[in-house]
Amino acid sequence: MKKITVFIFLILMSCATCGAFNPPNPERWELLTTTGSILCYFNRDSVQITEQPYGRSAEVWVTTYDLIIKIEAMMDWELNLDTKEFRLLTGNIYDEEGNELLATANPAEFEFIPPGSFIEDIYRELGGKETQEEAVTPAAPEEVKPEAPEAVPQEVPQAPAV
């Protein structure tokens with residue numbers, strides 16, 4: 001009887017773990033927040049903060065898991081740390097077997113970060129302005145008048161090493 005009990009226990013345990021959530025590698029991915037059935041992780045090592053004409057820009061890889069419908073989304077986000085805006089650069093959605101359901105590689109337009117969202121949590125983690133009032137409203141592009149080239153060559157900035 002003891003062998004049968006152990007055998008049934010092992011079968012139940014293997015069935016219970018078949019559909020269980022398998023979290024990403026904790027050495028690369030940090031759990032940022034949970035919202036109901038959704039877990040949100042971000043890769044702190046992937047963060048790149050640069051100065052852009054439109055403000056300080058942070059690019060970061062984020063992955064979310066929905067434990068109820070069992071899908072994973074892997075996304076590359078860009079956050080404007082000065083204007084409290086974000087946009088999706090690329091994204092993929094996978095089912096529980098790892099099959100790709102949707103992919104996009106066209107950067108979206110910037111939009112304001114919703115208050116209380118996991119995107120706002122990432123924004124704060126990366127040093128964004130605390131409130132919308134502190135964030136600067138993006139200015140309209142100014143008209144640039146061409147000028148005559150200078151006789152003295154200017155120093156060209158070097159791209160950071162990858």
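An account of the accompanying structure is given in this report. (Residues numbered from 1 in each chain as written. Predicted model: local features only at pLDDT ≥ 70, side-chain atom pairs only at ≥ 80, totals over all residues. Heavy atoms only, no water.)

1. Brief notes about the side chain of Asp95
Next, step 1: Along the chain, Asp95 turns up in strand E6 (residues 85-95).
Next, step 2: Looking at Asp95, its side chain comes within polar contact range of the main-chain nitrogen of Glu97, at 3.0 Å. (Helix = DSSP H or I, 4+ residues; strand = E, 2+ residues; numbered from the N terminus. Polar contact = N/O pair within 3.5 Å; in protein donor to acceptor, adjacent residues only side chain to side chain.)

2. With respect to the pattern of salt bridges
Next, step 1: Evaluated as defined, the whole model comprises 6 salt bridges.
Next, step 2: A salt bridge links Glu125 to Arg44; the shortest N-O distance between them is 2.7 Å. Highlighted residues: Glu125 in helix H2 (residues 118-125) and Arg44 in the loop between strand E2 (38-42) and strand E3 (48-52), separated in sequence by 81 residues.
Next, step 3: For Arg44, a relative accessible area of 37% corresponds to the partly exposed category.
Next, step 4: Across the pair Lys84 and Glu120 runs a salt bridge whose closest N-O atoms are separated by 2.7 Å. One end of the pair, Lys84, is in the loop between strand E5 (71-80) and E6; the other, Glu120, is in helix H2, and 36 residues separate them in sequence. The two residues Lys84 and Glu120 agree in class, both being buried.
Next, step 5: Members of the salt-bridge network, linked through shared partners, are Glu30, Arg44 and Glu125. (Salt bridge = Lys/Arg side-chain N within 4 Å of Asp/Glu carboxyl O. Buried < 20%, exposed > 50% of the residue type's maximum accessible area, 1.4 Å probe, protein only.)

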